[in-house]
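# A structural walkthrough
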Amino acid sequence: MASSLLPGLLSSTLPSKTLTRLSLQQFPIRPTSRTQYPSLRVLSIASMAYERELSVAKKAASLASRLCQKVQKALLQSDVQSKSDKSPVTVADYGTQALISFVLQREIPSDSFSLVAEEDSGDLRKEDSKEILKRITELVNDTLSADGTYNLSLSEDDVLAAIDSGKSEGGPHGRHWVLDPIDGTKGFLRGDQYAIALALLDEGKVVLGVLACPNLPSRPIGEPEKNSLQNSVGCLFSASIGGGSVLQLLDGSSPTKVHVSTTENPAEASFFESYEAAHSMRDLSSSIAKKLGVQAPPVRIDSQAKYGALARGDGAIYLRFPHQGYREKIWDHAAGYIVVAEAGGVVSDASGKPLDFSRGRYLDLDTGIIVTNQKLMPLLLNAVREALKEQSQSASTL
Ligand SMILES: Nc1ncnc2c1ncn2[C@@H]1O[C@H](COP(=O)(O)O)[C@@H](OP(=O)(O)O)[C@H]1O
Ligand SMILES: [Mg+2]
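Residues numbered from 1 in each chain as written. Chains lettered and ligands numbered in written order. Predicted model: local features only at pLDDT ≥ 70, side-chain atom pairs only at ≥ 80, totals over all residues. Heavy atoms only, no water.

### Overview of the sheet that holds strand S7 (residues 256-258)
Sheet architecture is open: 7 strands sit in the order S1-S2-S3-S4-S5-S6-S7, paired in mixed fashion. Of all strands in the sheet, those with a lone pairing partner are strand S1 (115-117) and S7, marking the two edges. Each strand axis lies, on average, 20 degrees off the axis of its neighbour in the sheet, ignoring direction. Bridge count for S1 against strand S2 (residues 175-183) is 3 bridges, and the pairing is parallel. Note that in S2 the partner of Leu115 across the bridge is Trp177. Running over the sheet, helix H4 (residues 87-107) touches S1, S2 and strand S3 (195-202) and is turned about 155 degrees from S2. This element, helix H10 (residues 334-341), spans S2, S3, strand S4 (205-217), strand S5 (233-240) and strand S6 (245-249) of the sheet and lies at about 95 degrees to S4. (Pairing = 2+ DSSP bridges. Helix = DSSP H or I, 4+ residues; strand = E, 2+ residues; numbered from the N terminus. Axes fitted to C-alpha atoms, helices over the stretch in contact; angles between N-to-C directions. Contact = heavy atoms within 4.5 Å.)

Shown next as structure tokens:
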């Protein structure tokens, strides 16, 4: 069991826990709008309550991004046949989940550790998965040993147990980590955008989030390259409740606060949507953009990198309208949600209701997810309402 590795050993490279734990119940604040917070003093106390967790989450996501970069590099150097095969992403998905689960349990020992994550070890325990499990274990151990913080090696059983810690159902009470080990699997396989997305729920609210986007350029999307210094890729977004959103490069540059676009004019706004056509109704997004007066074509990228890019103002709107019957999972939105909310943005369902992360592994939503700044949200909601009405009218005449 991974937990056999855990007893009370805290890393010397992370700040020790000097703060008294403050629960959300003591500070009943809502994360959706910074202007609603009661006072700056309470804000900073609330975000300090999760300082250690945020630091550990950033470390875990940074380590995992090294693991993923290694796998993606090998994948892109290999032949076409292996690019269409699913095994590289499998190795990176499981490896990331094992690594992050291990780091969280090791750094923040708790009897009530809970992780809601995408993968489980069912397939890995099958007889024909021996080789892949060996590769995952090597990858995790190589990543840990290159980092040097932990002088140990995980066994295959440790890796399986760490993956299976992700089976939690989440819910409205207590603390739950929420992890998408590789969000944007298809982008990962193509060599495009993907994200490692980790968040913490406390009493049903997202209180911190980290988005590691190893392929996201440091310069804004759409801005032309100027010189090699601006060509770096690899962004780490992080946010904690009341503490704002911060961007640093995965190579360790100094953190800077980010803010969503302040544009009030839809004609100046550009919008994000999924790269994968099957993940969102493009006709509907296009009709909404037209009603709003957006002139620019959609910016299509994979994963929660969209939330990160929007949080730093690369675009002002994100539209996501899955086809009927699709159920959104909390790990696909929790980290991105708080990164945008703390950067001054608003994330809601298509009717304007805040997302509810307290209902278990799924986000049971009305129709879709829309994201923008506070000034554009009322206009966007009107455009969404009209476009949805038109869509249902044309469906009923068919
Ligand atoms: N038919 C569908 N409609 C909407 N989302 C879908 C989908 N099929 C998969 N997804 C989700 O879309 C995520 C990728 O997001 P995006 O479309 O923004 O790139 C996937 O995450 P994973 O790659 O972790 O499986 C998956 O959870
Ligand atoms: Mg995902």
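### Observations concerning the coordination of the magnesium ion (ligand 2)
Every protein donor of the magnesium ion (ligand 2) is accounted for by Asp180 (OD), Asp183 (OD) and Asp332 (OD), and the metal-donor separations fall at 1.9 to 2.3 Å. Written as a sequence motif, the donor residues of the magnesium ion (ligand 2) are D-x2-D-x148-D. Taken together, the residues Asp180 in strand S2 and Asp332 in the loop between strand S11 (328-329) and H10 connect sequence positions 152 residues apart. Residue Asp332 is classed as buried on the basis of its relative accessible area of 13%. (Donors = N, O, S within 2.8 Å, 3.2 Å for Na, K, Ca; no water. Buried < 20%, exposed > 50% of the residue type's maximum accessible area, 1.4 Å probe, protein only.)

Interpretation note: all reported values are geometric properties and have no functional meaning in isolation.
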